[in-house]
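Now for the letters of each chain:
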Amino acid sequence: QFPARGIFISAAGARTRLHVDPWASDALLCQVHGRKRFLLFAPADAASLARDGQLVDIRYDPATDAWIDPPVTPHADDCLQPGEIILIPAGWAHAFQSTSPSISLTWNFVHRRNAARLARYVEGGVPAGEAQSFAYFFGPEGQAWLARGQMPRGQIPHAGAVEGAPFSTGGV
């Protein structure tokens, strides 16, 4: 059930290409072991980060400890250390590079403030590559939304959540 949770266990040099998380979701990434460099770009930078409708691939050079030619200045360029957590707001593009063997926990969630954005996302058509995950995390409600191509107005996943909290009452 949503929110999406995961664990990343990676070797030095493993990376996550520049991307925006799906479903209008915010994300927390908790660094448990090792170090991870990251870039974070504001939604206003989206046009500068795209080529032919796809986000560009920004590579990291471990020899210089620097990202190679990002097309715009990132909002953040830093390194997560063990015990640190980063919040990645919905719509923000980001990339990660493990600079050592690494273990990270991640939690994607949809906050009430993004309910309208989530509805637009569903109504715009969830990409085929995300449909199965979407239906899994949102359960029968998500499967029905995908079948109709519409999320009911005023209805949110796991509506029993506390006002101002994520849609789910689950935790990391």
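Now for a look at the structure at hand. Fair warning: this is a prediction, and the values are worked out from it, not measured in the lab. (Residues numbered from 1 in each chain as written. Predicted model: local features only at pLDDT ≥ 70, side-chain atom pairs only at ≥ 80, totals over all residues. Heavy atoms only, no water.)

**Section: the pairing of strand β3 (residues 26–33)**
No. 1: With 6 of 8 residues buried, β3 lies mostly within the body of the structure.
No. 2: Sheet topology note: the β3/strand β12 (residues 102–109) ladder contains 7 bridges and is antiparallel. Following the sheet pairing, leucine 28 is matched in β12 by tryptophan 107.
No. 3: Pairing analysis gives 4 bridges linking β3 to strand β10 (residues 85–88), with the strands arranged antiparallel. (Buried < 20%, exposed > 50% of the residue type's maximum accessible area, 1.4 Å probe, protein only. Helix = DSSP H or I, 4+ residues; strand = E, 2+ residues; numbered from the N terminus. Pairing = 2+ DSSP bridges.)

**Digging into helix α2 (residues 115–123)**
No. 1: Along α2, the residues classified as buried are Ala115, Leu118, Ala119 and Val122. Looking down the long axis of α2, one finds its buried residues gathered within 100 degrees of arc, a one-sided arrangement. (Arc of directions from axis to C-beta.)

**Examining the side chain of aspartate 21**
No. 1: If you trace the backbone, aspartate 21 turns up in the loop between β2 (15–19) and β3.
No. 2: Lacking a salt bridge, the buried aspartate 21 has arginine 117 as its closest oppositely charged neighbour, with an N-O distance of 11 Å.
No. 3: At a separation of 3.0 Å, a polar atom in the side chain of aspartate 21 contacts the side chain of histidine 19.
No. 4: A polar side-chain atom of aspartate 21 sits 3.4 Å from a polar atom in the side chain of histidine 94. (Lys, Arg positive; Asp, Glu negative; His and termini not counted. Salt bridge = Lys/Arg side-chain N within 4 Å of Asp/Glu carboxyl O. Polar contact = N/O pair within 3.5 Å; in protein donor to acceptor, adjacent residues only side chain to side chain.)

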